[in-house]
Amino acid sequence: MGMTMTQKILAQHASLKTVKEGQLIEVNLDLVLGNDITTPVAIKEFNKLGDIGVFNKNKIAIVPDHFTPNKDIKSAEQCKEIREFVKRKEIKNFFDIGEMGIEHVIIPEKGLVVSGDVVIGADSHTCTYGALGAFSTGIGSTDMAAGMATGKCWFKVPGAIRFILKNAPKKWVSGKDIILHIIGMIGVDGALYKSIEFIGEGIKYLSMDSRFTITNMAIEAGAKNGIFPVDEKTIEYMKEHSEREYKIYEADEDAIYESTYEIDLSEIRPTIAFPNLPENTKTIDEVDEIPLDQVVIGSCTNGRIEDLRVAASILRGKKVKKGVRTIIIPGSQKVYLQAMEEGLIKVFIKAGAIVSTPTCGPCLGGHMGILAKKERALSTTNRNFVGRMGHVQSEVYLASPAIAAASAIKGVICAPENVL
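Residues numbered from 1 in each chain as written. Predicted model: local features only at pLDDT ≥ 70, side-chain atom pairs only at ≥ 80, totals over all residues. Heavy atoms only, no water.

Quick notes on the nonpolar core
Then comes step 1: With 46 residues, the main nonpolar core has I272, L315, F348, L378 and I413 as its most contacted residues.
Then comes step 2: For this core, the secondary-structure elements that each account for two or more residues are strand 14 (294–297), helix 10 (305–315), helix 11 (333–341), helix 12 (344–351) and helix 13 (401–410).
Then comes step 3: For this core, the leading source of residues is helix 13, giving 7 residues.
Then comes step 4: Mapped onto the domain boundaries, this core takes at least three residues apiece from domain 1 (5–263) and domain 2 (271–418).
Then comes step 5: If we ignore the near neighbours within four places in the chain, the residues touching L315 are V320, I328, V347, F348, A351, A405 and I409.
Then comes step 6: Ranked by size, the runner-up nonpolar core spans 36 residues in total, among them M3, A11, V32 and V157. (Core = buried A, V, L, I, M, F, W, Y, C linked by side-chain atoms within 4.5 Å. Buried < 20%, exposed > 50% of the residue type's maximum accessible area, 1.4 Å probe, protein only. Helix = DSSP H or I, 4+ residues; strand = E, 2+ residues; numbered from the N terminus. Domains from an automatic or database assignment. Contact = heavy atoms within 4.5 Å.)

Set out below in structure tokens:
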């Protein structure tokens, strides 16, 4: 019986010839990740093990990004605890103010993940790194503590769902539209504890930034992970960002998939997720003019340079509608600097938007854009649950940077063609 791409990676890291769905295995880890919310809890559990060191000072990464720059005393105390732990345990990959970014943007950027890796992170969107052909998944803080101590983690081997991507997407259709389309098809539990594996000639038309967006939101369909095969674009990205050796895995021809879907990318239209679930999707053609109070462009889903370039191409020479608070958040210091050098920041400011330091901020209702009662936001983030961005009676719509930028100008949800 053949194995999927994910199963092959897990088998190798468990020193097993084969694994099968449902099997419990212990695997060796290439990276353990935490942020400013989850790491303090992990530190508490880690300390219960006694005065021990971490398994590898170079294979742990901690990124304060959710409430930083610190929004209040509690978040400041949490980050202080992290800094002291990092110093005490001599952890090398700690990205604080000045170096920090949104964790799932800077981890690939810093070259800390390559194809064939196994990565756990105490954040649900750790599945992002599947874009590089790695197995990466979110875990709890207790598992993070155990991972930091032992370099190992237990897994139940997931089964898989396969998506065959065909043809090239049309203009203004990005990775965000593709993953929202998929979630709309199968639902928020449609891939529960499954590996979503993407194949097909349509992949060659997707940039790395689009692939990161797609795998980032695999968890929104309930998936254990999302993963792309390694191609020339993947290798080029890894060579640019990392000096580590990578390993390429391919699914066996007789690998077992629970289901297979064919997606014609040329038929996908810009897609919006309505409140209060990512599966509640409609195409832009089905959306009436819905007035907005706020637009957010950023997050670990859509805070990369390609996202900012798309937004700037629409906002250039225009103004956001008065009364629509437009917040743009680069995903990392590198993205921020690149956007500045390309003149994108100037475009945003002249359009009437504000530009924030890299942070998760409003995505989780943290800071930098909390919604009041009955306010409505269009956001390029990844979740729109009740109360996700503020008051429980606020509304969050999810969309691509292109839709977000156009909607900021118009003041209602609309397509780029309506403002260009």
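Here we look at the UniProt feature "binding site: [4Fe-4S] cluster" (unreviewed entry) in the protein chain
Then comes step 1: Under the feature "binding site: [4Fe-4S] cluster" (unreviewed entry), the UniProt entry names C300, C360 and C363. For the residues just named, distributed over 64 residues, the greatest C-alpha separation is only 9.2 Å, placing them together at one site.
Then comes step 2: Following the sequence through the fold, C300 ends up in helix 9 (residues 299–302).
Then comes step 3: The contact partners of C300, leaving out residues within four places of it in the chain, are I102, H104, V105, H125, N216 and N382.
Then comes step 4: For C363, the position within the fold is in the loop between strand 16 (354–355) and strand 17 (376–379).
Then comes step 5: Residue classification places C363 among the buried residues on the basis of a relative accessible area of 7%.
Then comes step 6: What C363 contacts, discounting residues up to four positions off in sequence, is T381, N382, R388 and M389. (UniProt positions renumbered as here; feature names shortened; annotations may be inferred.)

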